[in-house]
Amino acid sequence: MTQRTPEASAAAETDALIQLQGVNKHFGDFHALKDIDLTIPRGQVAIVLGPSGSGKSTLCRTINRLETIDDGGRILIDGKPLPAEGRELARLRAEVGMVFQSFNLFAHKSILDNVTLGPIRVKGKKKAAAEAHAMELLERVGVAHQAKKLPAQLSGGQQQRVAIARALAMEPKALLFDEPTSALDPEMVQEVLDVMVGLATEGMTMVVVTHEMGFARKAGDRVIFMADGAILEDTDPESFFTNPQHDRARDFLGKILTH
């Protein structure tokens, strides 16, 4: 497991940052999330695993209201209920960054402009300050030398690292990752995972939907296993990988670890 500072470890044990209370989500007749109760403490890296269609990505997307939830459930960010719409939603959403499977960079804007757009438009940062911070972040993820290029001129792994820098530029309290390496060629996966391991080590609160089992074991504090829209297991990585309690979890691990 990733080694944390004592401060980060202590914070992770006590301070609830993300809370889902009685969260349900229907797509028509399909019940995608079923009575989800989940608390993510500050500084924790929570890995969300499960077969396709289990609700992992939907769970991730509800946390910052990219998907609405059914009436009756609540999502709180740092103790504040997440509203359905409006300026307060935009403010709270800025505190929970999202990194998507498909990068979602603006194709017609330079790498630097992609990273500075949010801080300037949403947070009102001066351009010079936003660009200075963006270059620090691009340096941190190893692509500062590509700052003037367009996304299409970068590899998939480089684009995903830019997407992480873009999320960090908003100075979020937490980051959500929805299958961040699944669209990448195999040789590019590790460069993105290395950046994520670095963030975990520094104590960033992270919810990571992934099939990268090595990352889950190395960087995760907790594994949340989902199937059919429900959380079936919620435990530490070592317990999950060595002694899963549920038949669905054992079946999932048997398939994914033999490929």
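Residues numbered from 1 in each chain as written. Predicted model: local features only at pLDDT ≥ 70, side-chain atom pairs only at ≥ 80, totals over all residues. Heavy atoms only, no water.

K.L.:
How would you explain the pattern of salt bridges if you had to name every residue and give the values?
P.N.:
Applying the stated criterion across every chain yields a total of 15 salt bridges. Between Lys25 and Glu67 there is a salt bridge, with the nearest N and O atoms lying 3.9 Å from each other. Here Glu67 lies in the loop between helix H2 (56–63) and strand S4 (74–77) and Lys25 lies in strand S1 (residues 16–27), a separation of 42 residues in the sequence. This pair shows no difference in class: Lys25 is buried, exactly as Glu67 is. Asp78 is the partner of Lys173 in a salt bridge, and the nearest nitrogen-oxygen pair spans 2.6 Å. Of this pair, Lys173 sits in the loop between helix H6 (156–169) and strand S7 (174–178) while Asp78 sits in the loop between S4 and strand S5 (80–81), and the two are 95 residues apart along the sequence. The class of Lys173 is partly exposed, set by a relative accessible area of 30%. Of the residues examined, Asp78 reaches a relative accessible area of 26% and is grouped as partly exposed. (Salt bridge = Lys/Arg side-chain N within 4 Å of Asp/Glu carboxyl O. Helix = DSSP H or I, 4+ residues; strand = E, 2+ residues; numbered from the N terminus. Buried < 20%, exposed > 50% of the residue type's maximum accessible area, 1.4 Å probe, protein only.)

K.L.:
Give me the environment of His108: which residues, what numbers.
P.N.:
Residue position: His108 is located in the loop between strand S6 (96–99) and helix H4 (111–121). Residue classification places His108 among the exposed positions, given a relative accessible area of 61%. Distance from His108 to Ala152, taken between C-alpha atoms, is 9.1 Å for residues 44 residues apart in sequence.

K.L.:
Describe in detail the sheet that holds S4, supporting the description with residues and values.
P.N.:
Spatially, S2-S1-S4-S5 is the arrangement adopted by the 4 strands of the open sheet, whose pairing is antiparallel. Here the strands that pair on one side only, and so sit at the sheet edges, are strand S2 (30–41) and S5. In terms of strand pairing, S4 meets S5 through 2 bridges, oriented antiparallel. Paired with Leu76 across the two strands is Pro81, which belongs to S5. (Pairing = 2+ DSSP bridges.)

K.L.:
Outline the sheet that holds S7, supporting the account with residue identities and numerical values.
P.N.:
Taken in spatial order, the 6 strands of this open sheet run S6-S7-S8-S3-S9-S10, and their pairing is mixed. Bordering the open sheet on either side are S6 and strand S10 (230–235), each of which pairs with just one other strand. Neighbouring strand axes in the sheet, compared pairwise and without regard to direction, differ in orientation by 20 degrees on average. Of the strands in this sheet, strand S3 (45–49), strand S9 (222–227) and S10 are in contact with helix H10 (residues 247–256), which crosses S9 at around 100 degrees. (Axes fitted to C-alpha atoms, helices over the stretch in contact; angles between N-to-C directions. Contact = heavy atoms within 4.5 Å.)

K.L.:
Tell me about helix H7 (residues 186–201), and please be specific about residues and values.
P.N.:
With 16 residues, H7 should cover 22 Å at 1.5 Å per step; its first-to-last C-alpha distance of 24 Å lies within 8% of that length. Just past H7, the residue Gly203 takes up positive phi, approximately 95 degrees. (Expected span 1.5 Å × (residues − 1).)

K.L.:
Would you mind going over the packing of H4 against helix H5 (residues 127–140) in detail, with residue names and values included?
P.N.:
Between H4 and H5, the least distance of the axes is 9 Å, while the angle of their chain directions is 125 degrees. Taken as axis vectors, H4 and H5 run oblique relative to one another. Where H4 crosses over H5, the handedness of that crossing is right-handed. Judged by residue contacts, Ile111, Leu112, Val115, Thr116, Pro119 and Ile120 of H4 engage Lys127, Ala130, Glu131, Ala134, Met135 and Leu138 from H5. (Parallel < 35°, antiparallel > 145°, perpendicular 65-115°, else oblique. Left-handed = near helix turned anticlockwise from the far one by under 90°.)

K.L.:
Kindly report on the UniProt feature "domain: ABC transporter" (unreviewed entry) in the protein, identifying the contributing residues and their values.
P.N.:
UniProt's feature table lists "domain: ABC transporter" (unreviewed entry) at residues 18–253, given in the numbering used throughout. Secondary structure within residues 18–253 divides into 39% helix and 25% strand; the distance between the first and last C-alpha atoms comes to 27 Å. (UniProt positions renumbered as here; feature names shortened; annotations may be inferred.)

K.L.:
Just give me the short version of the nonpolar core, but keep the residues and values in it.
P.N.:
The biggest cluster of nonpolar side chains holds 51 residues, and the ones touching the most others in it are Leu49, Leu138, Ile164, Phe177, Met196, Met206 and Phe215. The element best represented in this core is H7, accounting for 9 residues. Those residues within four positions of Phe177 in sequence are excluded, and the remaining contacts are Cys60, Val99, Ile164, Met196, Leu199, Met206, Val207, Val208 and Val209. (Core = buried A, V, L, I, M, F, W, Y, C linked by side-chain atoms within 4.5 Å.)

K.L.:
How would you explain the pairing of S3 if you had to name every residue and give the values?
P.N.:
Here S3 lies mainly inside the structure; 5 of its 5 residues are buried. Pairing of S3 with strand S8 (residues 205–209) involves 4 bridges; the strand directions are parallel. Following the sheet pairing, Ala46 is matched in S8 by Val207. Here 4 bridges tie S3 to S9, and the two strands are oriented parallel to one another. Pairing of Ala46 across the sheet is with Arg222, part of S9.

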